[in-house]
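As a plain string of letters, each chain reads:
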Amino acid sequence: MATTDASDLRGFRRQRLLWSYGLGDAGTGMAASLIGFYLFIFYTSAAGLPPWMAGLVLMIARLWDALNDPLVGWLSDKTTTRWGPRIPWILVCAIPLGAAMAAMWWLPPGPVWVKFAVFVAISIVANTLYTCVNLPYAALAAELTTDEGLRTRLNTVRFTGSILASLLGIVIGALLLGNHDNPATYGQMGILSGLVVASASLLCGLGLAPSARNCQKPISQAGTTRRLLKRVRQNRRFIMVLGLYLLLWCALQIMQTAALIYLPVVMHLPEGWSNWILLPFLVSTLGGLWVWNGVAQSHGRIRALQWGTGLWILACTMAMLIPPLDAAIAPTGSASNAVRLVLLLLTIVVAGTGASTAYLIPWALLPDAIDADSEKPAGQYSAWMVLAQKICISLALFFFGNLMSFSGYVAAKAMEQPDSALIAIRLCMGLIPAILVVLGLVVMRRWPEKGLHLSHHLS
């Protein structure tokens, strides 16, 4: 059957494509957001793991998750079915993924080392299934269409679905996790998130199936694996996109992990308020996606990146400088507290608006790098992008856990933290992510926004 381009779709079929693609990252995005915000807290406060051990669990799981990406990407590129190479992966793995994501929030009995081993095992299974669903899904953006505008729009609706689901997750977390030390509430949150993951992934796969069946597919050639890896390394566009993606997501992951410690411990915000105050971050991130989508359509994706990351750096600076609230009175109990609360909310909104570039811009630029390769193996390029991201994030999380332990931070309720811990937490919300974002801009300083020429980018 002849290859078709999704840019030719009109009316209901185009809307079905956009809605289905938006659902694809809704379930996995919700799960990833809950993991980013709450899993470190679950391991330390509810399960009783020391911070360094909690960081080690996250690092091991991420490293394993990274190792399976090239294999899944290669297998996905080589899969041949009547529905194309990607859809069967999504549909087959959707329900097992939901079950595994729910199991991540189960507290096993036994001593700390037993819990550590169980957490590692569950995380390895869950992250493997996550790759089997999310990587083939991500590869579809480059295959469904060659139109730059539609590719950016697909990634915009992708992360819109992700952030809307994350908002739902934060609401669930805020309602259920009034006490961060109670493991039963984490289990309830896990079951709900597992149901969302499985349902959204199934609906996505079914909705995309008609378009994916006839879209562009990888060009399969015998003995291409080693040569493909060489081409990936020599694709300068891809190396630039990869560098940007790693730096922005390491910055975002460190801030997400630190946020639920920063708010109550450094800013003296009550835990109940800390859960709900994450909502403005996600709402502003959602708004930022559409703002930067508009800027990208009118002024180019690099200009959107520059403006967005400028706001992000401003927010990091504010997070470093805002004085804490007076813990002896309510957040709105005095004029001074109210002003500081407003400044904190403003910081969160600015950070969310700027940080949305980490979601949108790298994935909007990735298809350009894939197009620079004549074989267009979207699964492999997506795999290497996600692999490097996971390795980088795993090291960032391990760094965060060890920094917290080294600084003297103790995960105990109402525990007064030493000044060294307070400084370390502020650095994780301010200076450290700001430096990473600036380095991302440096990496992209020579990106050619217009035109694709294979000979210029592959040796």
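Residues numbered from 1 in each chain as written. Predicted model: local features only at pLDDT ≥ 70, side-chain atom pairs only at ≥ 80, totals over all residues. Heavy atoms only, no water.

**Considerations on the overall build of the protein chain**
The secondary structure content of the protein chain amounts to 16 helices and zero strands. On C-alpha atoms alone, the protein chain measures out to a radius of gyration of 22 Å, which is about the 23 Å that the 2.2 N^0.38 rule sets for 459 residues. By its C-alpha atoms, the protein chain is 70 × 50 × 40 Å across when sized along the principal axes. A total of 459 residues make up the protein chain; the buried ones form 59% of that total. Sequence separation of at least 24 residues holds for 83% of the intrachain contacts in the protein chain that already meet a minimum separation of 6. Roughly 17,500 Å² of accessible area belongs to the protein chain as shown, and the carbon and sulfur atoms make up 69% of that amount. Of the side-chain charges in the protein chain, 31 are positive and 19 negative, and the distance between the mean point of each set is 7 Å. (Helix = DSSP H or I, 4+ residues; strand = E, 2+ residues; numbered from the N terminus. Rg over C-alpha atoms; globule rule 2.2 N^0.38 Å. Buried < 20%, exposed > 50% of the residue type's maximum accessible area, 1.4 Å probe, protein only. Contact = heavy atoms within 4.5 Å. Areas by Shrake-Rupley, 256 points an atom, 1.4 Å probe, with all protein chains shown as cover. Lys, Arg positive; Asp, Glu negative; His and termini not counted. Charge placed at Lys NZ, Arg CZ, Asp CG, Glu CD.)

**Regarding unusual backbone geometry**
With a phi close to 60°, histidine 268 is a non-glycine residue in the positive phi region. Within the secondary structure, histidine 268 sits in the loop between helix H8 (236-266) and helix H9 (271-276).

**So, the pattern of salt bridges**
Counted under the stated rule, the structure contains five salt bridges. Between aspartate 25 and arginine 158 there is a salt bridge, with its nearest N and O atoms 3.5 Å apart. Placement of aspartate 25 in helix H1 (residues 11-46) and of arginine 158 in helix H5 (residues 148-176) is noted, with a sequence separation of 133 residues between them. By relative accessible area, which is 2% here, arginine 158 ends up buried. Across the pair aspartate 368 and arginine 301 runs a salt bridge whose closest N-O atoms are separated by 2.7 Å. Of this pair, aspartate 368 sits in helix H12 (residues 335-371) while arginine 301 sits in helix H11 (residues 301-321), placing them 67 residues apart in sequence. Judged by relative accessible area, which is 6%, aspartate 368 ranks as buried. Overall, arginine 301 belongs to the buried group, its relative accessible area being 2%. The structure contains a network of salt bridges with shared partners spanning Arg237, Arg301 and Asp368. (Salt bridge = Lys/Arg side-chain N within 4 Å of Asp/Glu carboxyl O.)

**Quick notes on H1**
In this model H1 runs 50 Å from its N-terminal to its C-terminal C-alpha over 36 residues, within 8% of the 52 Å that 1.5 Å per residue would give. Buried residues dominate H1, accounting for 26 of its 36 residues. Positive backbone phi, approximately 80°, marks glycine 48, located one or two places after H1. (Expected span 1.5 Å × (residues − 1).)

**Quick word on the confidence of the model for the protein chain**
Predicted confidence across the protein chain gives a mean pLDDT of 83, with 92% of residues reaching 70 or more. With pLDDT under 50 throughout, residues 451-459 is counted as low confidence; its partners more than four residues away or in other chains account for 21 contacts. (pLDDT = per-residue confidence, 0-100.)

**Topic: the nonpolar core**
Core analysis: the biggest nonpolar cluster contains 151 residues, and Tyr38, Tyr43, Trp105, Tyr262 and Trp312 have the highest contact counts within it. It is H8 that contributes the most residues to this core, 22 residues altogether. (Core = buried A, V, L, I, M, F, W, Y, C linked by side-chain atoms within 4.5 Å.)

**Details of the packing of H5 against H12**
At a closest axis distance of 9 Å, the pairing of H5 and H12 adopts a crossing angle of 145°. Taken as a pair, H5 and H12 cross one another with a handedness that is right-handed. Taking contact as the criterion, the partners of Arg151, Thr152, Asn155, Thr156, Arg158 and Phe159 in H5 are, on H12, Tyr359, Leu360, Trp363, Ala364, Pro367, Asp368 and Asp371. Class assignment for the residues of the contact of H5 with H12 results in six nonpolar, three polar and four charged. (Axes fitted to C-alpha atoms, helices over the stretch in contact; angles between N-to-C directions. Left-handed = near helix turned anticlockwise from the far one by under 90°. Nonpolar A, V, L, I, M, F, W, Y, C, P; charged D, E, K, R; others polar.)

**What about the environment of arginine 445?**
The topology assignment puts arginine 445 in the loop between helix H15 (431-443) and helix H16 (454-457). In the structure, arginine 445 is positioned 243 residues away from leucine 202 in sequence and 40 Å away in space, judged by C-alpha atoms. Among the polar contacts listed, one links the side chain of arginine 445 to the backbone oxygen of valine 442, at a separation of 2.7 Å. (Polar contact = N/O pair within 3.5 Å; in protein donor to acceptor, adjacent residues only side chain to side chain.)

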